[in-house]
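What follows is each chain in one-letter form.
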Amino acid sequence: MDESAALLAEIERALAAAPTREAALAAVCRLVATRRPGYDWVGFYCVDPERPRELVLGPFVGEPTEHTRIPFGRGICGQVAERAETMVVEDVTAEANHLACSLAVRSEIVVPILVRGRFVAQLDIDSHQPARFGPADRALCEAICARLAPLFAGEAPQ
Ligand code: SME
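None of these values were measured; they are calculated from a predicted model.

Peer 1: What exactly am I supposed to notice about the packing of helix 1 (residues 3-17) against helix 2 (residues 21-35) here?
Peer 2: Two numbers describe a pair of packed helices, the interaxial angle and the distance between the axes. With their axes 9 Å apart at the nearest point, helix 1 and helix 2 run at an angle of 155° to one another. When the axis of helix 1 is compared with that of helix 2, the two are roughly antiparallel. The crossing of helix 1 and helix 2 is right-handed. Between helix 1 and helix 2, the contacting residues are Leu7, Glu10, Ile11, Ala14 and Leu15 on the first element and Ala24, Ala27, Val28, Leu31, Val32 and Arg35 on the second. Residues of the contact of helix 1 with helix 2, tallied by class, amount to 9 nonpolar, no polar and 2 charged.

What follows is the structure in C-alpha cells.
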C-alpha cells in the first residue's frame, strides 16, 4: 500500500472513531501534519452559518494565526471559497491576494469541501518549502476532502 493510501486508511479509521465533526477534523489535522513532511500548517476553515460569506477557523495544527475569520474573496482561502476549486500556490510571495500567516510560509494548497456542489469548508495547508505541493499532494488532499464532505451534509440542505 503506498503512503497516500495508508494515510487515507488511517483517516478513515480516525473518522469512524471521532465523536464529533470537530474531533474528526482535529484528528485529520494531526495525521496529515505528522505523516507528510513539509506540511507545516494544516487546518480547516468552515463557512460561518451565521455569516455565509465568511470563513471561520476550525481545527488546525501549526503556528497560531491571526486569520481566524476570512471574508470570501480575501486571500487564497477566500478565493477558494468563491471559486469552489483547489488552489495550489508554489510561491505565496508571488500571489498578490494572499494573507500571510508567517514569514516562513513559502507555498500553500487550499482544497474546497463541497456538499451537493455547495462550498461548505476547506482544507488549508502551508509549507515552509517552495513549491511543496505537486499533483500527488493535490490528489491526496482532494481525496481527504471528499471523505470529509459527509460530515458537513447538514450545511447544504437538499
Ligand atoms: N494564507 C491563507 C490564510 C490562512 S493561513 O494560511 C492559516 C490565505 O492566503 O488565505
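Peer 1: It is not clear to me how the nonpolar core should be interpreted in this structure. Could you clarify?
Peer 2: Counting residues in hydrophobic clusters, the biggest one holds 35 residues, and the most contacted among them are Val32, Ile113, Ile125 and Ile144. The element that contributes the greatest number of residues to this core is helix 2, accounting for 8 residues. When residues no more than four places from it in sequence are discounted, the contact partners of Ile125 are Val32, Tyr39, Trp41, Val42, Ser107, Glu108, Ile109, Phe133 and Cys141. Of all hydrophobic cores here, the second largest spans 18 residues; its members include Tyr45, Val47, Cys77 and Val110.

Peer 1: What's the story with helix 4 (residues 135-148) in this structure? I'm lost.
Peer 2: Note on helix geometry: an α-helix contains 3.6 residues per turn, so any two residues three or four positions apart are oriented the same way. With 14 residues, helix 4 ought to run about 20 Å at 1.5 Å a step, and its terminal C-alpha atoms sit 20 Å apart, in line with that. The set of residues buried in helix 4 consists of Asp137, Leu140, Cys141, Ala143, Ile144, Cys145 and Leu148. Where helix 4 is buried, its residues meet helix 1, helix 2, strand 1 (41-48), strand 5 (107-115) and strand 6 (118-127).

Peer 1: Which parts of the structure should I look at to understand the site of the ligand?
Peer 2: What surrounds the ligand is a group of 13 residues, the closest being Cys77, Leu99, Cys101, Glu108 and Asp126. A distance of 3.0 Å separates an oxygen atom of the ligand from a polar backbone atom of Ile76. Taking Leu99, its main chain carries an N or O atom lying 2.8 Å from a nitrogen atom of the ligand. Here the ligand has 310 Å² of accessible area as a free molecule, and 100% of this is covered by the chains. Contributing elements (two or more residues each) for the shell around the ligand: strand 1, helix 3 (75-83) and strand 6. It is helix 3 that provides the largest number of residues to the shell around the ligand, a total of 3 residues.

Peer 1: What is the right way to read the pairing of strand 1 from this model?
Peer 2: Note on strand geometry: in a regular strand, side chains alternate between the two faces of the sheet. Most of strand 1 sits out of view: 8 of its 8 residues are buried. As paired strands, strand 1 and strand 6 are joined by 6 bridges and run antiparallel to one another. Bridge pairing links Tyr45 to Gln122 in strand 6. As paired elements, strand 1 and strand 2 (residues 51-61) share 6 bridges and run antiparallel to each other. Its bridge partner lying in strand 2, Val47 is registered against Leu55. Counting the residues that bridge the hairpin from strand 1 to strand 2 gives 2 residues.

Conventions used here
- Residues numbered from 1 in each chain as written.
- Predicted model: local features only at pLDDT ≥ 70, side-chain atom pairs only at ≥ 80, totals over all residues.
- Heavy atoms only, no water.
- Axes fitted to C-alpha atoms, helices over the stretch in contact; angles between N-to-C directions.
- Helix = DSSP H or I, 4+ residues; strand = E, 2+ residues; numbered from the N terminus.
- Parallel < 35°, antiparallel > 145°, perpendicular 65-115°, else oblique.
- Left-handed = near helix turned anticlockwise from the far one by under 90°.
- Contact = heavy atoms within 4.5 Å.
- Nonpolar A, V, L, I, M, F, W, Y, C, P; charged D, E, K, R; others polar.
- Core = buried A, V, L, I, M, F, W, Y, C linked by side-chain atoms within 4.5 Å.
- Buried < 20%, exposed > 50% of the residue type's maximum accessible area, 1.4 Å probe, protein only.
- Expected span 1.5 Å × (residues − 1).
- Near = heavy atom within 4 Å.
- Polar contact = N/O pair within 3.5 Å; in protein donor to acceptor, adjacent residues only side chain to side chain.
- Areas by Shrake-Rupley, 256 points an atom, 1.4 Å probe, with all protein chains shown as cover.
- Pairing = 2+ DSSP bridges.

Interpretation note: all reported values are geometric properties and have no functional meaning in isolation.
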